[in-house]
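# Notes for the structure review
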Amino acid sequence: WKIFSYNAWEGYISVIPRITATFAVLFPLTQTALIASLVTITIWVLTGLGIFHIVLQETKNRILSLMACLMVALVPSASESSVGNFGNTKWQLFILTAVICASPQFFLRFNRLSIFVILISGLSNPLNVLATIPLLVHMTLAKKNRDRQTFLLATTSLLTFAVQIF
């Protein structure tokens, strides 16, 4: 449970980096950097694949989906400062949360996965609440189509933000 513990001098709660560090120290000291790098790269790849799937679902265009995926995977920080720097995984989750929240078709179809990503991302980065702005706009504009799932996603984001600031 140390993963979820909080001390004022450590800043905000950062779940994914703490889980990565806890997992990496299970291995011999000579392999911890390699394990941390593999976890970080895996998160980059999963973010890219998630974005590919979301954009494909919204646009039905594989070329556009591949371009969106490559924009995440080939950004310079994906191969430079983020390799092994599991503290930066919060930004990949932020990107994925923003794309999920901008895709009503995705978050209505994959509600549990969307809540999980928003929850983990929100508990890793207090700025995650900014990624949910498209979701809040969707809720405001689509007054007739407000549903429990959309409300639950927005509430999850706002609650994780409240946990981070208090």
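As a reminder, the structure under discussion sits directly above these lines.
Reference entry: report on the structure contained in this document. (Residues numbered from 1 in each chain as written. Predicted model: local features only at pLDDT ≥ 70, side-chain atom pairs only at ≥ 80, totals over all residues. Heavy atoms only, no water.)

What the protein chain contains, in helices and strands, is ten helices and zero strands. Along the protein chain, from the amino end to the carboxyl end, the secondary structure elements read α-α-α-α-α-α-α-α-α-α. Sequence separation of 24 or more characterises 66% of the internal contacts of the protein chain that already satisfy a separation of 6 or more. As presented, the protein chain carries roughly 9,600 Å² of accessible surface, and 73% of it is formed by carbon and sulfur atoms. (Helix = DSSP H or I, 4+ residues; strand = E, 2+ residues; numbered from the N terminus. Contact = heavy atoms within 4.5 Å. Areas by Shrake-Rupley, 256 points an atom, 1.4 Å probe, with all protein chains shown as cover.)

Working note: non-glycine residues mostly have negative phi, and peptide bonds are mostly trans. Phi at Lys-60 takes a positive value of approximately 60°, unusual for a residue other than glycine. One can find Lys-60 in the loop between α2 (32-59) and α3 (62-73).

Every buried residue of helix α1 (residues 15-24) is accounted for by Val-15, Ile-16, Pro-17, Arg-18, Thr-20 and Ala-24. Buried residues along α1 sit in contact with α2, α5 (89-101) and α7 (111-122). (Buried < 20%, exposed > 50% of the residue type's maximum accessible area, 1.4 Å probe, protein only.)

Attention now goes to the packing of α1 against α2. Helix-helix packing: each pair is described by the crossing angle between the helix axes and the interaxial distance. One can describe the packing of α1 onto α2 by two numbers: an axis separation of 9 Å at closest approach and a directional angle of 140°. By the angle class used here, α1 and α2 are oblique. Relative to α2, the crossing made by α1 is right-handed. Here Ile-16, Thr-20, Phe-23 and Ala-24 of α1 come into contact with α2, specifically with Thr-32, Ile-35, Ala-36, Val-39 and Ile-43. A class-by-class count of the residues in the contact of α1 with α2 yields seven nonpolar, two polar and no charged. (Axes fitted to C-alpha atoms, helices over the stretch in contact; angles between N-to-C directions. Parallel < 35°, antiparallel > 145°, perpendicular 65-115°, else oblique. Left-handed = near helix turned anticlockwise from the far one by under 90°. Nonpolar A, V, L, I, M, F, W, Y, C, P; charged D, E, K, R; others polar.)

Next up on the list: the nonpolar core. By size, the foremost hydrophobic cluster in this structure holds 18 residues, and its most contacted members are Ile-51, Ile-54, Leu-96, Ile-100, Phe-107, Leu-135 and Leu-153. Of all the secondary-structure elements, those providing two or more residues to this core are α2, α3, α5, α6 (104-109), α7, α9 (133-141) and α10 (148-165). Tallying contributions element by element places α2 first for this core, with four residues. Excluding residues within four positions of it along the chain, Ile-54 makes contact with Leu-96, Val-99, Ile-100, Ser-103 and Phe-106. (Core = buried A, V, L, I, M, F, W, Y, C linked by side-chain atoms within 4.5 Å.)

Another point: the packing of aromatic side chains. In total, this model carries three aromatic pairs according to the counting rule given. An angle of 75° between the planes, with centres 5.2 Å apart, marks the rings of Phe-23 and Phe-27 as edge-to-face. Assessed through its relative accessible area of 38%, Phe-23 is described here as partly exposed. Residue Phe-27 is classed as partly exposed on the basis of its relative accessible area, which comes to 30%. With a centroid separation of 6.0 Å and 70° between ring planes, the pair formed by Trp-91 and Phe-94 is classed as edge-to-face. On the criterion of helical spacing, the pair formed by Trp-91 and Phe-94 is a turn pair, its members being three residues apart in helix α5. When its relative accessible area of 35% is taken as the criterion, Trp-91 is described as partly exposed. (Phe/Tyr/Trp six-rings, centres within 6.5 Å; stacked < 30°, edge-to-face > 60°.)

As far as function goes, none of this settles anything; it's purely spatial.
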